[in-house]
Every structure is written in structure tokens, then in C-alpha cells.
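# Coordinate inspection notes
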Amino acid sequence: MVEVHLNHVSVFVAAAVNFLLGGLWYSPVLFARAWMNAVGFTEEDVKRGAGPMPYVWAFVTSLLTAYALGCVLSAVQAVTLGDGLLVGFMCAFGFTIPAGIHYAFEARPLKLFFLNYGYSTAGILLMCVVLTMWK
């Protein structure tokens, strides 16, 4: 039986880091304009917003992902930064990116795929760094 040891504070911090990365990633500082163009949103659509629920959902999913990554990192006994980055890359490459098949069937722009999965991959890598280095 594999034993999993988690530092719940580091799981929360990793989730918060991912959530903040999302805020930056989809902000005007980075990719807001490209994302709006890819999904067909206007400035008015964004200003109208969807209320607080997308942000709540974003944090909850960040927390679930951080928890799952913490379990994987513990199970494989990742102890170095290199271990954490390798596990993070393999999780993103093997599980997150293939889920992009939906983009093909939904005829969504390839640009949107790269924007969203770029964020997912960067977030997973950052969370793995936090979880590996802060035990």
C-alpha cells in the first residue's frame, strides 16, 4: 500500500498560486485580448461578467488539482525540484493536454487550446514546485 503524506498548508498555497496565475494569465498584462478574440467575447461581455461563481469554481478546481498533485508527488516520493517538475510535466502532458480533444470536436480555435492548456501546464508546474519544495 502506498502511503501518502500531505502538508495541507502547501496544498492550499499551491492552489492559491495557481488561482493567482490564472488571474494574471487571463489579464490584459498577458493574454486577455487573445483569449477574448478566441472565444468571441467583447470588452462589454467581460465587463458584464458572470458573477462570482467562475472565480469560486476556479479556486475549487485549483484546490482539487493541488490535492491530487500532492498525492501523486507523495506516492512517487518526489523530493527534488527536478522530481516535481518532471511529475508536473508528465501530468500535464499525459492527462491535461489530451483532454483538448474536445476542442477538435467542438471546432474551437487552436489558439484557444494553446491559451488554456498553456495556463493549465504552467499552473500544474507551479503547483508541483510549491508542493515539492514546501513539505
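### Details of the pattern of salt bridges
Counted by the stated rule, this structure contains three salt bridges. Residue arginine 33 is joined to glutamate 43 by a salt bridge in which the shortest nitrogen-to-oxygen separation is 2.8 Å. Separated by 10 residues along the polypeptide, arginine 33 in helix 2 (residues 32-39) and glutamate 43 in helix 3 (residues 43-48) bring together distant segments of the chain. Across the salt bridge formed by arginine 48 and aspartate 45, the nearest N and O atoms sit 2.8 Å from each other. Of this pair, arginine 48 and aspartate 45 both sit in helix 3, separated by three residues, roughly a single helical turn. The exposed category is assigned to arginine 48, whose relative accessible area is 62%. By relative accessible area, aspartate 45 is classed as partly exposed at 24%.

How each quantity is defined
Residues numbered from 1 in each chain as written. Predicted model: local features only at pLDDT ≥ 70, side-chain atom pairs only at ≥ 80, totals over all residues. Heavy atoms only, no water. Salt bridge = Lys/Arg side-chain N within 4 Å of Asp/Glu carboxyl O. Helix = DSSP H or I, 4+ residues; strand = E, 2+ residues; numbered from the N terminus. Buried < 20%, exposed > 50% of the residue type's maximum accessible area, 1.4 Å probe, protein only.

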